[in-house]
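Each chain is listed here by its residues.
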Amino acid sequence: MTNKLILTLMALLLASCGMMSTPSVEQPTPIPTFASADSTAQDPAANQVPALGGKQSGDLLVWIFSDPNPPSRGDNTLEALVTDSNGQPITDATISFDIDMTNMSHGRNVTAASSLGEGRYSAEIHFLMPGPWRVIVGIERAGQLTTVRFDFMVAW
Ligand SMILES: [Cu+2]
């Protein structure tokens, strides 16, 4: 099961590498202020307007948050909020964070996220170095895998 998922992820990564001829000109994705799971005050899904750091893939909307914000070298909490296109939280997905630098590879580093409920998923992430990083959020649901990529800068 795990090996199958990893192979699928690798195949998707290879496919996306082949399709993107100019990945280096991509603008880093700003990461919005972290909102903890028990804070519903600024839930970006509530008003159905994509926040900074939010992306759509198929009928899924994905936001990424970091604590601290901006993400910094060392230990960070990454949180993903996943909803359908109507802003309804997706609570039954299996979420993973695949992180690496975009200007050099630090090898494979995939962390399974824990569900916090209400479409929120969280994991502890360690950034080895400051600089340009990306996280590929893997969303596995009903046997289907969707990946959404976010590029951002990690501070000192
Ligand atoms: Cu590095």
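In this convention, every chain numbers its residues from 1, walking through the sequence in written order. Thresholds applied to this predicted model are a pLDDT of at least 70 for local features of residues and 80 or more for the giving and counting of side-chain atom pairs; totals over whole chains, interfaces and linings are not thresholded and use all residues. By convention in this description, side-chain values take in all heavy atoms of the structure and omit both hydrogens and water.

A.B. asks: For this particular structure, what's the right way to read the pairing of strand β8 (residues 131-141)?
C.D. replies: Where a strand is regular, its side chains alternate between the two sheet faces. A simple rule labels every residue: compare its accessible area, found with a 1.4 Å probe on the protein chains alone, to the largest value its type can have, and call it buried under 20%, exposed over 50%, or partly exposed in between. Put simply, DSSP marks the helices as runs of H or I at least four residues long and the strands as runs of E at least two long, and each gets a number from the N terminus on. The element β8 is largely enclosed, with a buried count of 9 among its 11 residues. Where β8 lies against strand β9 (residues 144-154), 11 bridges are found, and the strand directions are antiparallel. For Glu140, the partnering residue across the bridge sits in β9 and is Leu145. Remark: 2 residues form the turn of the hairpin made by β8 and β9, two consecutive strands paired antiparallel; Ala142 in that turn has positive phi of roughly 50°. Here the rule is simple: two strands pair whenever DSSP picks up at least two bridges between them.

A.B. asks: Please clarify how the pattern of salt bridges should be interpreted in this entry.
C.D. replies: A side chain of one charge can pair with a side chain of the opposite charge when the charged atoms of the two come close. Here a salt bridge means any side-chain nitrogen of Lys or Arg lying within 4 Å of a carboxyl oxygen belonging to Asp or Glu. One pass over the structure, following the stated rule, counts 5 salt bridges. The residue Arg108 makes a salt bridge to Asp98 at a minimum N-O spacing of 3.8 Å. Note that Arg108 is positioned in the loop between β4 (94-101) and β5 (110-112) and Asp98 in strand β4, a separation of 10 residues in sequence. A residue is classified by how much of its surface remains accessible, and Arg108, at 41% relative accessible area, is partly exposed. Among the residues examined, Asp98 registers a relative accessible area of 3% and is labelled buried. Counted as one network, the salt bridges with shared partners bring together Asp98, Arg108 and Arg134.

A.B. asks: Mind showing me how you'd approach the coordination of the copper ion here?
C.D. replies: Reference values for angles at a metal are 109.5 degrees in the four-donor tetrahedral case and 90 or 180 degrees in the six-donor octahedral case. For the copper ion, the full set of protein donor atoms is Met101 (SD), Met104 (SD), His106 (NE2) and Met129 (SD), at a range of 2.1 to 2.4 Å. Sites may look incomplete, because water is not among the atoms used; the donor set itself consists of N, O and S atoms within 2.8 Å of the metal (3.2 Å for Na, K and Ca). Donor angles set the geometry label: tetrahedral for four donors if every angle is between 85 and 135 degrees, square planar for four and octahedral for six if opposite donors exceed 155 degrees and the others are between 65 and 115, irregular for anything else. The site at the copper ion holds 4 donor atoms, and with the angles between them running 95 to 123°, its shape is tetrahedral. Within one chain, the residues serving as donors to the copper ion are arranged as M-x2-M-x1-H-x22-M. Taken as a pair, Met101 in strand β4 and Met129 in the loop between β7 (120-127) and β8 lie far apart in primary sequence, 28 residues in all.

A.B. asks: Which parts of the structure should I look at to understand the side chain of Ser122?
C.D. replies: As for its placement among the helices and strands, Ser122 is situated in strand β7. In what follows, residue pairs with any heavy atoms lying within 4.5 Å of each other are defined as contacts. Beyond its immediate stretch of four places on either side in the chain, Ser122 contacts Thr77, Leu78, Glu79, Phe97, Ala113, Ser114 and Leu116.

A.B. asks: Is there a simple way to think about unusual backbone geometry in this case?
C.D. replies: Where the residue is not glycine, phi is negative for most of them; where a peptide bond is considered, it is trans in most cases. Here the bond from Asp67 into Pro68 is cis, since omega is 10°, no more than 30 degrees from zero. You can see Pro68 is positioned in the loop between β2 (60-67) and β3 (74-84). The residue after Asn69, namely Pro70, is reached through a cis peptide bond having omega 0°. The topology assignment puts Pro70 in the loop between β2 and β3. For Glu118, which is not a glycine, the phi torsion comes out positive at approximately 55°. Mapped onto the elements, Glu118 comes out in the loop between β6 (114-117) and β7. At Ala142, a position not held by glycine, the phi torsion is positive, near 50°. Relative to the assigned elements, Ala142 resides in the loop between β8 and β9. Judged by its relative accessible area of 82%, Ala142 is exposed.

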